[in-house]
2 protein chains.
Amino acid sequence: MTRLVICGTGNVARQLFDAFQTSADVKVVQVAGRNREALAYFDKYTDTSDHFNNLRKADVYLLAVSDSAIATVAHHLKEGLVAHCSGSTSIDHLPESGRRGVFYPLQTFSQELKVDFENIPICLEAENEVDYKVLEDLALCISGKTYRVSSEQRLGLHLAAVFVNNFTNHLFHVGQTICEQKGLSFEILLPLIEETLRKINHMTPLEAQTGPARRNDIHTEQIQLEQIENKSYQAIYKTISNSIQETYAKEL
Amino acid sequence: MTRLVICGTGNVARQLFDAFQTSADVKVVQVAGRNREALAYFDKYTDTSDHFNNLRKADVYLLAVSDSAIATVAHHLKEGLVAHCSGSTSIDHLPESGRRGVFYPLQTFSQELKVDFENIPICLEAENEVDYKVLEDLALCISGKTYRVSSEQRLGLHLAAVFVNNFTNHLFHVGQTICEQKGLSFEILLPLIEETLRKINHMTPLEAQTGPARRNDIHTEQIQLEQIENKSYQAIYKTISNSIQETYAKEL
């Protein structure tokens, strides 16, 4: 039975907490955070604290706080294995004096939508095999997929995640805007978006690429560019089309 | 029973043909195309022709040919309802002298992967209700979703499709490239990509947006930009981040 303290009360903290609650091998002995209101969510299930001094004794302290708060909060923790949950923060941001690690679930979290941890890759890092094993056991309580990822690799992964998640979502927003300007529902695009995803389970994105830029069809590109009123969307159209053309020019 | 001639032998023609073959209410009486080799695929199921003169008599002629060939091929067709399958071509590209329409399946087709037409939106256009009904009945033989879409709307839809399909796929390629540069498998990103899609079935992309640009987190953006070696990917990062910031600045 791993005894766990979660520091933080935001989306990640809450979803991790809910996931760990379903495991018989983990006991969340405390949730700590400065936001009293947000702490109320955890009150009925476990002990809570609105400061980080004198936290309960635990095997692992998970820091699910904002990147900028990691060093400050970690500073209060004097014992146990301390792991942060950030994609873009090096393990070196934790105090050298203690046992330290990283427990980074590679997923997009929002308050409105519960995620299923079972399929979420959890990226782990520690400074020795004993601590790695502790984090791995903890991760396997909620997910079937763990990966050993160094701080440098994780930085890259977080960057890749921005491209495939944040940027992709913005392209969906652009698609919706264009549809609505023409009096069409965004719903009409959903099967195409699903197929875009399905394809990359069967071939690489490099192989799956289609469209005017892939075909170097400058005529269609010109017509499409003229249709776009929003300057930012025009810039996106040009930049990505250029990048696609460059990708396949190299291939020739 | 609708008698159908398909002009064209590429991906769209082939997948439409396969889909219609499963319907008892359509008979594909002929497939016509200049590419003898590609015609061989259809030979064992129906009549084929390698020229467009003297095609068989049919109720509907579907032109699943490249955009630039539509006018030329249509020129040969003297009777029946002639509909092209292009997203970016106006109905006016078909000869005014005949009955004309558009039958545009909004999907990405590749030779390697069979699509399931059942969920594919088919966008229809015709010049009168009788012809519209003919196309609608034909579409409903293979798909559960038909939409009435004018030529002008379809241009917008095709543009939106480029953003949500072609451009999104390129972002997946960028993500894969970054992962591989760090010695990580692209597979690690797939659950995140799936969640990106799942989210927009529950909220709008505008609501679903997360990430450094959404938070106006210039510090993280700067660190991430410095990590990107490829100039085209840098440009994509900047352009989309700007567009996200602009989107939410407007909201304030």
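**Structural notes on the overall build of chain A**
In step 1: Each helix and strand counted, chain A has 10 helices and 8 strands in total.
In step 2: Buried positions account for 58% of the 252 residues belonging to chain A.
In step 3: A fraction of 50% describes how many contacts in chain A between residues 6 or more apart in sequence connect residues 24 or more apart.
In step 4: Counting only carbon and sulfur atoms, one obtains 47% of the accessible surface of chain A, whose full area is about 11,000 Å².
In step 5: Both charge centroids of chain A, one from 24 positive and one from 32 negative side chains, sit 3 Å from each other.

**Some remarks on the sheet that holds strand S2 (residues 26–32) of chain A**
Residues and elements named next belong to chain A.
In step 1: Spatial ordering of the open sheet is given by S3-S2-S1-S4-S5-S6-S7-S8, a layout of 8 strands whose pairing is mixed. Strand pairing shows two members of the sheet lacking a second neighbour, strand S3 (47–49) and strand S8 (145–148), which therefore form its edges. If you compare each strand with its neighbour and ignore which way they point, the axes differ by 25° on average.

**Describing the pattern of salt bridges**
Any two side chains of opposite charge can pair, on the condition that their charged atoms come close.
In step 1: Under the definition given, this model contains 26 salt bridges over all chains.
In step 2: Measuring nitrogen to oxygen at the nearest pair gives 3.5 Å for the salt bridge that ties Asp92(A) to Arg100(A).
In step 3: What makes Arg100(A) buried here is its relative accessible area of 7%.
In step 4: Across the salt bridge formed by Arg100(B) and Glu127(B), the nearest N and O atoms sit 3.1 Å from each other. Placement of Arg100(B) in strand S6 (residues 99–105) and of Glu127(B) in the loop between strand S7 (121–126) and helix H4 (129–140) is noted, with a sequence separation of 27 residues between them.
In step 5: Owing to a relative accessible area of 47%, Glu127(B) belongs among the partly exposed residues under this scheme.

**Some thoughts on the interface of chain A and chain B**
In step 1: With 88 residues of chain A at the contact, the number on the chain B side is 88 residues.
In step 2: When chain A packs against chain B, the two sides together hide about 8,400 Å² of surface, and 68% of this comes from carbon and sulfur.
In step 3: Joining chain A to chain B, the criterion identifies 2 salt bridges.
In step 4: The partner of Lys182(B) in a salt bridge is Glu152(A), and the shortest N-O contact between them spans 2.9 Å.
In step 5: Going through the elements one at a time, strand S7 (121–126), S8, helix H5 (151–181), helix H6 (190–199), helix H7 (205–208), helix H9 (218–227) and helix H10 (231–251) of chain A are the ones with two or more residues in the side of chain A that touches chain B.
In step 6: A class-by-class count of the residues in the side of chain A that touches chain B yields 44 nonpolar, 32 polar and 12 charged.

**Concerning the side chain of Gln107(A)**
In step 1: Looking at the element boundaries, Gln107(A) is found in the loop between strand S6 (99–105) and S7.
In step 2: Beyond its immediate stretch of four places on either side in the chain, Gln107(A) contacts Val115(A), Ile120(A), Pro191(B), Leu192(B) and Glu195(B).

**Let's talk about the packing of H5(A) against helix H6 (residues 190–199) of chain B**
In step 1: One way to put it is that H5(A) packs onto H6(B) with a least axis distance of 9 Å and a crossing angle of 20°. One way to sum up the angle between H5(A) and H6(B) is to call them roughly parallel. Crossing of H5(A) over H6(B) shows right-handed handedness. On the side of H5(A), the interface is formed by Ala161(A), Val164(A), Asn165(A), Thr168(A), Asn169(A) and Phe172(A), while H6(B) contributes Leu192(B), Ile193(B) and Thr196(B).
In step 2: When the residues that make up the contact of H5(A) with H6(B) are grouped by side-chain class, the tally is 5 nonpolar, 4 polar and no charged.

**Some details on the domain arrangement of chain A**
Residues and elements named next belong to chain A.
In step 1: For chain A, the domain assignment lists domain 1 (2–149) and domain 2 (155–251).
In step 2: Distance between the C-alpha centres of domain 1 and domain 2: 36 Å.
In step 3: The interface is formed by 6 residues belonging to domain 1 together with 5 residues belonging to domain 2.
In step 4: Taken together, the connections running from domain 1 to domain 2 amount to 0 salt bridges.
In step 5: At the boundary of domain 1 with domain 2, the tally comes to 0 residue pairs in polar contact (both at pLDDT 80 or more).
In step 6: When grouped by side-chain class, the residues that make up the side of domain 1 that touches domain 2 number 3 nonpolar, 3 polar and no charged.

**With respect to the relation of the copies chain A and chain B**
In step 1: You can overlay chain A on chain B at an RMSD of 0.0 Å; the transform is a turn of 180° with a shift of 0.0 Å along its axis. With respect to symmetry, the two chain copies, as superposed, fit the operation of a two-fold axis. Using C-alpha coordinates, one finds that chain A approaches the rotation axis most closely at Thr168(A), a distance of 2.8 Å.
In step 2: The share of interface residues of chain A whose copies in chain B are also at the interface is 100%, consistent with both copies meeting through the same surface.

**A short note on the pairing of S7(B)**
In step 1: Where burial is concerned, most of S7(B) is hidden: 5 out of the 6 residues are buried.
In step 2: Following the backbone out of S7(B), through H4(B) and into the adjacent parallel strand S8 (residues 145–148) of chain B, one traces a crossover that is right-handed.

**Topic: the packing of aromatic side chains**
Residues and elements named next belong to chain A.
In step 1: Counted by the stated rule, this structure contains 16 aromatic pairs over all chains.
In step 2: Geometrically, the ring pair formed by Phe-163 and Phe-167 is edge-to-face, given 5.2 Å between the ring centres and 75° between the ring planes. Of this pair, Phe-163 and Phe-167 both sit in helix H5, 4 residues apart, which is roughly one turn of that helix. This pair shows no difference in class: Phe-163 is buried, exactly as Phe-167 is.
In step 3: Linked through ring pairs, Phe-17, Tyr-41, Phe-42 and Tyr-45 together constitute an aromatic cluster.
In step 4: Positioned above the aromatic ring of Tyr-248, the side-chain terminus of Arg-214 is 3.8 Å from the ring centre.

Conventions used here
Residues numbered from 1 in each chain as written. Chains lettered and ligands numbered in written order. Predicted model: local features only at pLDDT ≥ 70, side-chain atom pairs only at ≥ 80, totals over all residues. Heavy atoms only, no water. Helix = DSSP H or I, 4+ residues; strand = E, 2+ residues; numbered from the N terminus. Buried < 20%, exposed > 50% of the residue type's maximum accessible area, 1.4 Å probe, protein only. Contact = heavy atoms within 4.5 Å. Areas by Shrake-Rupley, 256 points an atom, 1.4 Å probe, with all protein chains shown as cover. Lys, Arg positive; Asp, Glu negative; His and termini not counted. Charge placed at Lys NZ, Arg CZ, Asp CG, Glu CD. Pairing = 2+ DSSP bridges. Axes fitted to C-alpha atoms, helices over the stretch in contact; angles between N-to-C directions. Salt bridge = Lys/Arg side-chain N within 4 Å of Asp/Glu carboxyl O. Buried area = accessible area lost by both parts, 1.4 Å probe. Nonpolar A, V, L, I, M, F, W, Y, C, P; charged D, E, K, R; others polar. Parallel < 35°, antiparallel > 145°, perpendicular 65-115°, else oblique. Left-handed = near helix turned anticlockwise from the far one by under 90°. Domains from an automatic or database assignment. Polar contact = N/O pair within 3.5 Å; in protein donor to acceptor, adjacent residues only side chain to side chain. Least-squares fit on C-alpha atoms with pLDDT ≥ 70 in both. Right-handed = clockwise from strand over helix to strand, strands pointing away. Phe/Tyr/Trp six-rings, centres within 6.5 Å; stacked < 30°, edge-to-face > 60°. Lys NZ or Arg CZ within 6 Å of the ring centre and 35° of its normal.

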